[in-house]
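In case you want the letters, here they are:
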Amino acid sequence: MSKIHSSEREDAQVVTRSEREKCWIARDKYFACLDKNRIMSLAKQDASMCSSERSAVDSACRQSWVDYFIQRRERNLQIDAMQRYQTQQAYDELAVREAASREELRNKFVKR
């Protein structure tokens, strides 16, 4: 006889539509609290100011869902930060090129 892990037991139980909606609403409120307080990573920062929202998520959602939601949020925040950095790098590079072009044109017409 094999042991059933808690996540397997969780997955064996059917979740109704209303339970999913309650979970998603609780998740959205929790993430809104984290965003409002600029808490980007739960591993690095204290999220005690959102403890009531976290308790609501923990009671409304399966633990495997909570883990997934948090991992997904942190991954999306990392992707957004990387995209902002790359966009800023592209703008900086463009600004340098434009400045060099303006300087080249200025030198071309001033020397004549």
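None of these values were measured; they are calculated from a predicted model.

Before going further, it helps to examine the state of the cysteines. Evaluation of the coordinates by the stated rule reveals two disulfides. Paired by a disulfide, Cys23 and Cys61 hold their sulfur atoms 1.9 Å apart. What sets the handedness of the Cys23 and Cys61 disulfide is the S-S torsion sign, and at about 110 degrees it is right-handed. Of this pair, Cys23 sits in helix H2 (residues 17–36) while Cys61 sits in the loop between helix H3 (51–60) and helix H4 (63–110), and the two are 38 residues apart along the sequence. For Cys23, a relative accessible area of 0% corresponds to the buried category. Disulfide pairing places Cys33 opposite Cys50 at an S-S distance of 2.0 Å. Here the S-S torsion is close to -90 degrees, and the disulfide linking Cys33 with Cys50 is therefore left-handed. Taken together, the residues span a long stretch of sequence, with Cys33 in helix H2 and Cys50 in the loop between H2 and H3 at a distance of 17 residues. As far as the burial class goes, Cys33 and Cys50 line up, both buried.

Turning our eyes to something else, we now look at the nonpolar core. In terms of nonpolar packing, the biggest core is built from 13 residues, with Tyr30, Phe31, Leu34, Val57 and Cys61 touching the most fellow members. Within the residue set of this core, elements represented by two or more residues are H2 and H4. The element that contributes the greatest number of residues to this core is H2, accounting for six residues. Sequence-distant contacts of Phe31, that is, excluding residues within four places in its chain, are made with Phe69, Ile70 and Arg73.

Glancing now at the pattern of salt bridges. If you walk through the whole model with that rule in mind, you get three salt bridges. One salt bridge connects Asp28 with Arg27, and the closest N-O pair in it is separated by 3.0 Å. Note on Asp28: relative accessible area 42%, which makes it partly exposed. Asp58 is the partner of Arg54 in a salt bridge, and the nearest nitrogen-oxygen pair spans 3.1 Å. Of the two residues, Arg54 and Asp58 both sit in helix H3, four residues apart, roughly one turn of that helix.

Turning our attention to unusual backbone geometry. Residues other than glycine seldom take positive phi values, yet Arg38 does so here, at roughly 55 degrees. Topologically, Arg38 is positioned in the loop between H2 and H3. Overall, Arg38 belongs to the exposed group, its relative accessible area being 67%.

Conventions we followed
- Residues numbered from 1 in each chain as written.
- Predicted model: local features only at pLDDT ≥ 70, side-chain atom pairs only at ≥ 80, totals over all residues.
- Heavy atoms only, no water.
- Disulfide = S-S within 2.5 Å.
- Helix = DSSP H or I, 4+ residues; strand = E, 2+ residues; numbered from the N terminus.
- Buried < 20%, exposed > 50% of the residue type's maximum accessible area, 1.4 Å probe, protein only.
- Core = buried A, V, L, I, M, F, W, Y, C linked by side-chain atoms within 4.5 Å.
- Contact = heavy atoms within 4.5 Å.
- Salt bridge = Lys/Arg side-chain N within 4 Å of Asp/Glu carboxyl O.

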